Protein chains: 2
Amino acid sequence: MVRRNDERRAALVDGAIEVLAREGARGLTFRAVDAEAGVPAGTASNYFANRDDLLTQAGARVYERLQPDEATVARQRASTRDRETYAALMRELVGRISDFRTGYLALLELRLEATRRPQLRKVLTEQVRADLWANVAYHEESGLPGDATAVQLLYLTLNWLIVEQLTLPDVLSEAERERLVTAAVERLTTSLPHPG
Amino acid sequence: MVRRNDERRAALVDGAIEVLAREGARGLTFRAVDAEAGVPAGTASNYFANRDDLLTQAGARVYERLQPDEATVARQRASTRDRETYAALMRELVGRISDFRTGYLALLELRLEATRRPQLRKVLTEQVRADLWANVAYHEESGLPGDATAVQLLYLTLNWLIVEQLTLPDVLSEAERERLVTAAVERLTTSLPHPG
């Protein structure tokens, strides 16, 4: 039987995120997670059915930890609905994701591991689809400028911007990255009727 | 002394790319590369000074193999200079990169390994910067629509589109991906003077 101890489970999943980021997917073993979480060897195997279970829970936990807190959501909902605000929100989003460096690196490791593990690919696909469409729905409800295509294109653009920042931080300077986020919002939220 | 045998060296570097994509950076050993290239154990260690040397040569080789052939470049240079052509070129580029699936996955593994290896990070940073600025220069010379910012933003957008396609191919359908490439070119190459 899987034991009920939500706090310990969360500590193990958080430990798995750190191990993924530091050692890569191949370094993620139950033993390494036990050591990272500072619990007796053999603990993780009581909490997760198998390695796929641990990997998918780590992915879900990254998304959970990346959610903005209530104060941030309230402040965002109270702000004006123009491009400048949207660009500021996106710079804030990039900052929040980049600050959880190990979480984002763990997600990249999971994506690469998903090319080798069909069950993981299936679960991650559902997570990413759900997240992407939640972003589109949240945006449409918000009244911010731009259509669903703009949200999807921003999702693509900002993800690679974060990859760049976290893996090769000197390819673009911080000022260049900020300028690119602003330009992406300005251009992508503007749909032109077939310019000549 | 490093032995001179360019053909065998290329076979070993190509083998390293396959091992990186299949096993991840942690699976990349001289022994695994020897086995992948079908050469006697101990061969790779005669061709590469150390593991960083092998990793950086693998990265450079992916960029080399992704270069378009002369016929493609000639055809591109002869085409018209409008947004439709640009979008078609970008769909073609995404197709060419995605077709070298193991090469692109190897680059992602190298980026993650670069977070752990400062020397690799330094060399990859130079490669990626050089590639990005070559793209900007090639574009400015081509007469295609859009400024340097558009080229940089397309670089970001299309990279994550390819990550999506290669790691979680069912998040977006092929038709959605094609539509997004076209929309990205249309919107990003249009710079508006501060819309109200």
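Report on the accompanying structure. Note that the coordinates shown come from a computational prediction; the quantities given were computed from them, not determined experimentally.

**Quick look at the overall build of chain A**
In terms of helices and strands, chain A carries 10 helices and zero strands. Element order for chain A, N to C, with α for helix and β for strand: α-α-α-α-α-α-α-α-α-α. For the C-alpha atoms alone, the extent of chain A along its principal axes is close to 65 × 35 × 30 Å. Within chain A, buried positions represent 51% of all 196 residues. Entry remark: accessible area of chain A is about 9000 Å², with carbon and sulfur atoms responsible for 51%. Side-chain charges in chain A split into 26 positive and 29 negative, and the spacing between the mean points of these groups amounts to 5 Å.

**Remarks on the pattern of salt bridges**
Under the definition given, this model contains 32 salt bridges over all chains. In this structure, A:Asp147 engages B:Arg187 in a salt bridge whose closest nitrogen and oxygen atoms are separated by 2.9 Å. Here the residue A:Asp147 occupies a position in the loop between helix H8 (118-142) and helix H9 (148-167), and B:Arg187 occupies one in helix H10 (residues 174-188), the pair thus bridging two chains. Of the residues examined, B:Arg187 reaches a relative accessible area of 8% and is grouped as buried. Where B:Arg77 meets B:Glu141, a salt bridge forms, and the shortest distance between an N and an O atom there is 3.6 Å.

**Overview of empty space enclosed by the protein**
If you walk through the whole model with that rule in mind, you get one cavity of 30 Å³ or more. By volume, the largest cavity amounts to about 90 Å³. As for the largest cavity, its lining consists of 16 residues, and the residues nearest its centre are A:Ala25, A:Glu109, B:Gly24, B:Ala25 and B:Glu109. Of the residues in the lining of the largest cavity, the class split is four nonpolar, two polar and 10 charged.

**A closer look at the nonpolar core**
Formed by 122 residues in total, the largest nonpolar core has its most connected members in A:Trp160 and B:Trp160. Every residue in contact with B:Trp160, bar those within four places of it in the chain, is listed here: A:Tyr104, A:Leu108, A:Arg111, A:Tyr155, A:Leu156, A:Asn159, A:Trp160 and A:Val163.

**Here's the deal with the side chain of B:Thr125**
Mapped onto the fold, B:Thr125 is located in helix H8 (residues 118-142). The exposure class of B:Thr125 is buried, given its relative accessible area of 9%. For B:Thr125, the side chain forms a polar contact with the main-chain oxygen of B:Arg121, separated by 2.7 Å. Excluding residues within four positions of it along the chain, B:Thr125 makes contact with A:Leu168, A:Asp170 and A:Val171.

**Here we look at the packing of helix H1 (residues 6-23) of chain B against helix H4 (residues 51-66) of chain B**
Residues and elements named next belong to chain B. With their axes 9 Å apart at the nearest point, H1 and H4 run at an angle of 95° to one another. By the angle between their axes, H1 is roughly perpendicular relative to H4. Between H1 and H4, the contacting residues are Arg 9, Ala 10, Val 13, Asp 14, Ala 16, Ile 17 and Leu 20 on the first element and Leu 54, Leu 55, Gln 57, Ala 58, Arg 61, Val 62 and Arg 65 on the second. When the residues that make up the contact of H1 with H4 are grouped by side-chain class, the tally is nine nonpolar, one polar and four charged.

**So, the relation of the copies chain A and chain B**
One copy of the chain maps onto the second through a rotation about an axis and a displacement along it. After a rotation of 180° and a shift along the axis of 0.0 Å, chain A superposes on chain B with an RMSD of 0.0 Å. The symmetry that links the two subunits is that of a two-fold axis. Distance from the rotation axis, computed per C-alpha, reaches its smallest value in chain A at A:Thr157: 2.1 Å.

**What about the environment of A:Asp131?**
Inspection of the secondary structure assignment puts A:Asp131 in helix H8. Considered as a pair, A:Asp131 and A:Arg26 are 105 residues apart in the sequence and their alpha carbons are 26 Å apart.

**What to know about the interface of chain A and chain B**
One frequent convention defines the size of an interface as the accessible area lost when the parts assemble. Taken together, the contacts link 57 residues of chain A with 58 residues of chain B. Here chain A meets chain B over a buried area of about 5000 Å², counting both sides, of which 61% is carbon and sulfur. Considering only the side of chain A, the residues that lose the most area to chain B are A:Arg111, A:Trp160 and A:Arg187, jointly responsible for 17% of the buried surface there. At the junction of chain A with chain B, the criterion picks out eight salt bridges. Between B:Glu109 and A:Arg116 there is a salt bridge whose closest N-O contact spans 2.7 Å. Mapped onto the side of chain A that touches chain B, the elements with two or more residues apiece are helix H1 (6-23), helix H7 (101-114), H8, H9 and helix H10 (174-188) of chain A. Residues of the side of chain A that touches chain B, tallied by class, amount to 29 nonpolar, 12 polar and 16 charged.

Rules and cut-offs
- Residues numbered from 1 in each chain as written.
- Chains lettered and ligands numbered in written order.
- Predicted model: local features only at pLDDT ≥ 70, side-chain atom pairs only at ≥ 80, totals over all residues.
- Heavy atoms only, no water.
- Helix = DSSP H or I, 4+ residues; strand = E, 2+ residues; numbered from the N terminus.
- Buried < 20%, exposed > 50% of the residue type's maximum accessible area, 1.4 Å probe, protein only.
- Areas by Shrake-Rupley, 256 points an atom, 1.4 Å probe, with all protein chains shown as cover.
- Lys, Arg positive; Asp, Glu negative; His and termini not counted.
- Charge placed at Lys NZ, Arg CZ, Asp CG, Glu CD.
- Salt bridge = Lys/Arg side-chain N within 4 Å of Asp/Glu carboxyl O.
- 1 Å grid on protein atoms, 1.4 Å probe; cavity = no way out; pocket = protein on both sides within 12 Å on 5 of 7 lines; lining within 4 Å.
- Points joined across faces, edges and corners; volume = space filled by probe spheres on them.
- Nonpolar A, V, L, I, M, F, W, Y, C, P; charged D, E, K, R; others polar.
- Core = buried A, V, L, I, M, F, W, Y, C linked by side-chain atoms within 4.5 Å.
- Contact = heavy atoms within 4.5 Å.
- Polar contact = N/O pair within 3.5 Å; in protein donor to acceptor, adjacent residues only side chain to side chain.
- Axes fitted to C-alpha atoms, helices over the stretch in contact; angles between N-to-C directions.
- Parallel < 35°, antiparallel > 145°, perpendicular 65-115°, else oblique.
- Least-squares fit on C-alpha atoms with pLDDT ≥ 70 in both.
- Buried area = accessible area lost by both parts, 1.4 Å probe.

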